[in-house]
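# Close look at the chain arrangement
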Amino acid sequence: MTRFDPEAATAAYLGALGPEAHARATAYTQGGHWLILWTAVIGVAAYWLVLRSGVLVGIRSRLEARGLGPVRISALVLGAALLAETALNLPWVVWSDWAREKAYGMTSQPLGGWLGDYVLYALIALVASLVMMSCVYALIRRSPRWWWAWSGGLVSVFFVVSMVLAPVFIEPLFNRFDPAPPGPVRDAVAELARANGVPADRIFIYDGSRQSNRYTANVSGLVGSARIAMSDVMFKKDADIAEVRAVVGHEMGHYVLGHVWRNALFLSVMAIVALFLVDRLFPVAARLLGARGVKGLSDPAGYPVVGAMIVVLSLVGNPLAASFTRWAEAESDRFSLERVREPDGLARALVKTIEYRAATPGRLEEILFYTHPSVGSRVRRAMEWKAAQQAASRREPMTVTLVRPDAVQP
Ligand SMILES: [Zn+2]
């Protein structure tokens, strides 16, 4: 019997896609890295425009003249700022999130449908940001010295609440979620769910193909609302049971290992650091951006300065956030391998994600930008796991025969 070679097996899996497909995936993925930079540049430019127009200072002065209190002034000025920011970024978002996806065949959604989804999403994001930023400005007024620490806690509370609410109130606005229909797929998934303490009625198939052709699944929700959802794309590309088991095993890993809670903690720490820097660097940033008429950090008319700083800090913190996510993804892969024991199913599923995450990036590229370990190293790890299993099963007691290498030479 020839020995299983993980390196050759990995190469065979990656070779399932031709060089053209790999080149296209690399173009798409690396273009995506640049999008992070350009999105930040355009975001800062939008804030700069709002600031230079002086419109927020105008609104704030008029509201003050009418004798409105700080809570209402801050809500109205922030509302205007967020609305302006959303509108100014729209053309870029249409290009980066729809036209580019369309050009790469990643979406089949017509522009009208995409816009409908986007407007709804932007509206929800706007209301959520308005509530959160109003709280932050209230904290700045109440606790000028420690607002950034309180706000960091607030961010994690918002994150947890939005995680609980998303599968119940938000995701159904964009997609249909149906319990997996009876059949071999549901049986396989329900069995895994039982074995890992995940409620089996929390496993759904959603019409993800409406927005995206990506082969994907996810976990969302928290406590009572937690669920695992598989995009119907998984079943259009003739998924086999081993693949479904491996993918669901990975998603269950996120659920069972409590990655959501870890993310909430991470986000909170990142927010505290970022807002501390905003607190200290606000005067410098305000001068750099040429904020005129802004009375200081507590003035909501200066929100674009805060927004621009958060954009820049997020850009700088992006590699750290990506690495943090990558760590959880590697853990979930290991969980899937150990619990579900489908290395080939996992490898086959991973190969289908190459089209939107190029398989073999450089080491630095992977560290800076990849939110998941590269498919190359994930498949390699699955194959190494498989090799280790085979070696363990071969190590039967007392049957080891020692053969001097030269003895088998012809
Ligand atoms: Zn994952």
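Here's what I pulled together on the structure shown here. Keep in mind that this is a model prediction, so the values were computed, not measured. (Residues numbered from 1 in each chain as written. Predicted model: local features only at pLDDT ≥ 70, side-chain atom pairs only at ≥ 80, totals over all residues. Heavy atoms only, no water.)

### Topic: the overall build of the protein
Here is the rule we go by: Only DSSP runs of H or I reaching four residues or more are called helices, and only runs of E reaching two or more are called strands; each is numbered from the N terminus. Only protein chains enter the accessibility calculation, which uses a 1.4 Å probe. A residue is then buried if its area is under 20% of the maximum for its type, exposed if over 50%, and partly exposed in between. Any pair of residues with heavy atoms lying within 4.5 Å of one another is described as a contacting pair. Per-residue and other accessible areas follow the Shrake-Rupley method at a 1.4 Å probe size, with only the shown protein chains counted as cover for residues. Neither His nor the chain ends contribute to the count of charged residues, in which Lys and Arg are positive and Asp and Glu negative. Positions of charges follow a simple convention, taking NZ of Lys, CZ of Arg, CG of Asp or CD of Glu.
What the protein contains, in helices and strands, is 14 helices and 4 strands. Taken along the three principal axes of its C-alpha coordinates, the protein extends 95 × 50 × 40 Å. Per-residue burial over the protein gives 45% buried out of 410 residues. The long-range share in the protein, meaning contacts at least 24 apart out of those at least 6 apart in sequence, stands at 78%. For the protein, the exposed surface amounts to about 21,200 Å²; the carbon and sulfur share of it is 66%. Each charge sign in the protein was given a centre, from 42 positive and 33 negative side chains, and these centres are 9 Å apart.

### Quick look at the nonpolar core
If you look at soluble globular proteins, the nonpolar side chains tend to sit buried side by side. Condition: Take the buried Ala, Val, Leu, Ile, Met, Phe, Trp, Tyr and Cys residues and link them wherever side-chain atoms come within 4.5 Å; each set so joined is a nonpolar core.
By size, the foremost hydrophobic cluster in this structure holds 36 residues, and its most contacted members are Trp147, Phe282, Tyr303 and Val305. Top contributing element to this core by residue count: helix α11 (residues 303–340), with 6 residues. Residues within four places of Val305 in sequence aside, it is in contact with Leu51, Phe282, Ala285, Ala286, Leu289 and Ala291. Core analysis: the second largest hydrophobic core is formed by 22 residues, Ile354, Ala358, Met383 and Ala387 among them.

### Some words on a nonpolar patch on the surface
The condition is simple: Each patch is built from residues that are more than 30% exposed by relative accessible area and take part in no salt bridge. Like charges join if they lie within 9 Å; nonpolar side chains (Val, Leu, Ile, Met, Phe, Trp, Tyr) join within 5 Å. Counted as salt bridges are all cases of a side-chain nitrogen of Lys or Arg within 4 Å of a carboxyl oxygen of Asp or Glu.
A grouping of Leu265, Val269, Val273, Leu277, Leu281, Val284 and Leu288 is seen on the molecular surface, where their side chains present a nonpolar patch of about 650 Å² in accessible area. Among the secondary structure elements, Leu288 is positioned in helix α10 (residues 259–288). A relative accessible area of 73% means that Leu288 is categorised as exposed.

### Re the pattern of salt bridges
Going through the model one piece at a time under the given rule, you end up with 17 salt bridges. Linking Glu64 and Arg60 is a salt bridge whose minimum nitrogen-to-oxygen distance equals 3.6 Å. In this pair, Glu64 and Arg60 both sit in helix α3 (residues 55–65), 4 residues apart, roughly one turn of the helix. Judged by relative accessible area, Glu64 falls into the partly exposed class, the value being 35%. Here Arg262 ties to Glu331 by a salt bridge, and the two come within 3.1 Å at their closest N and O atoms. Taken as a pair, Arg262 in helix α10 and Glu331 in helix α11 lie far apart in primary sequence, 69 residues in all. Each of the two residues, Arg262 as well as Glu331, counts as buried. A network of salt bridges, in which partner residues are shared, links Arg60, Glu64, Lys295 and Asp299.

### Observations concerning the coordination of the zinc ion
To be explicit about the condition: As a rule, N, O and S atoms within 2.8 Å of a metal are its donors, except that Na, K and Ca use 3.2 Å; water is not among the atoms, so sites may look incomplete.
Only His250 (NE2), His254 (NE2) and Glu329 (OE) from the protein coordinate the zinc ion, and they sit 2.0 to 2.1 Å from it. The sequence pattern formed by the donor residues of the zinc ion is H-x3-H-x74-E. With His250 in helix α9 (residues 241–256) and Glu329 in helix α11, this residue pair connects regions lying 79 residues apart in the sequence. Classification of Glu329 as buried rests on a relative accessible area of 8%.

### Regarding the packing of aromatic side chains
For clarity, the cut-off: We call Phe, Tyr and Trp rings a pair once their centres come within 6.5 Å, taking the six-membered ring for Trp, and we label the pair stacked below 30 degrees between planes, edge-to-face above 60, and tilted otherwise. Criterion for a charge above a ring: Arg CZ or Lys NZ at most 6 Å from the ring centre, at most 35 degrees from the ring normal.
Following the criterion strictly, the structure yields 10 aromatic pairs and no others. Between Tyr118 and Tyr121, the ring centres sit 5.9 Å apart and the planes meet at 45°, which makes this aromatic pair tilted. Residue Tyr118 and its partner Tyr121 are located together in helix α5 (residues 111–142), separated by 3 residues, close to a single helical turn. Site record: aromatic cluster; members linked through ring pairs are Trp114, Tyr118 and Tyr121. One residue, Arg214, lies across the ring of Tyr356, its end atom 4.4 Å from the ring centre.

### What to know about the packing of α9 against helix α12 (residues 343–351)
Here is the rule we go by: Working convention: axes come from line fits to C-alpha atoms, limited for helices to the stretch in contact. Angles between N-to-C directions cover 0 to 180 degrees. Orientation labels follow simple angle bins: below 35 degrees gives roughly parallel, above 145 gives roughly antiparallel, 65 to 115 gives roughly perpendicular, and whatever is left gives oblique. Basically, the charged four are Asp, Glu, Lys and Arg, the nonpolar ten are Ala, Val, Leu, Ile, Met, Phe, Trp, Tyr, Cys and Pro, and anything else, Gly included, counts as polar.
Taken N-terminus to C-terminus, the directions of α9 and α12 make an angle of 85°; their axes are 7 Å apart at the nearest point. Looking at the two axes, α9 sits roughly perpendicular to α12. Contacts between α9 and α12 involve Ala242, Glu243, Ala246 and Val247 from the first element and Gly345, Leu346, Arg348 and Ala349 from the second. Looking at side-chain class alone, the contact of α9 with α12 contains 5 nonpolar, 1 polar and 2 charged residues.

### Quick notes on the environment of Asp333
Positionally, Asp333 belongs in helix α11. In this structure Asp333 comes out as buried when scored by relative accessible area, which is 7%. Expressed as a C-alpha distance, the spacing of Asp333 and His254, which sit 79 residues apart in the sequence, is 9.4 Å. Residues in contact with Asp333, not counting those within four places in the same chain, are His250, Leu346 and Arg378.

### Comments concerning the side chain of Glu342
Put simply, the rule is: Polar contacts here mean pairs of N or O atoms no more than 3.5 Å apart (in protein, one a potential hydrogen donor and the other a potential acceptor; neighbouring residues in sequence count only if both atoms are side-chain atoms).
Relative to the helices and strands, Glu342 resides in the loop between α11 and α12. Within the local environment of Glu342, its side chain forms a polar contact with the side chain of Arg245, the two groups lying 2.9 Å apart. Beyond its immediate sequence surroundings of up to four residues, Glu342 is in contact with Ala242, Arg245 and Ala246.

### Comments concerning the packing of α12 against helix α14 (residues 375–394)
The geometry of α12 relative to α14 is characterised by a closest axis approach of 9 Å and an angle of 170° between their N-to-C directions. Comparing the axis directions of α12 and α14 gives the class roughly antiparallel. Across the interface between the two elements, Pro343, Asp344, Leu346, Ala347, Leu350 and Val351 from α12 touch Val375, Arg378, Val379, Ala382, Met383, Trp385 and Lys386 from α14. When the residues that make up the contact of α12 with α14 are grouped by side-chain class, the tally is 10 nonpolar, no polar and 3 charged.

### Description of the environment of Ala264
Position of Ala264 relative to the elements: it lies in helix α10. Here Ala264 falls in the buried class, since its relative accessible area comes to 7%. In sequence terms Ala264 and Met163 are 101 residues apart; their C-alpha atoms lie 9.7 Å from each other. The residues contacting Ala264, other than those within four sequence positions of it, are Ser156, Phe159 and Val160.

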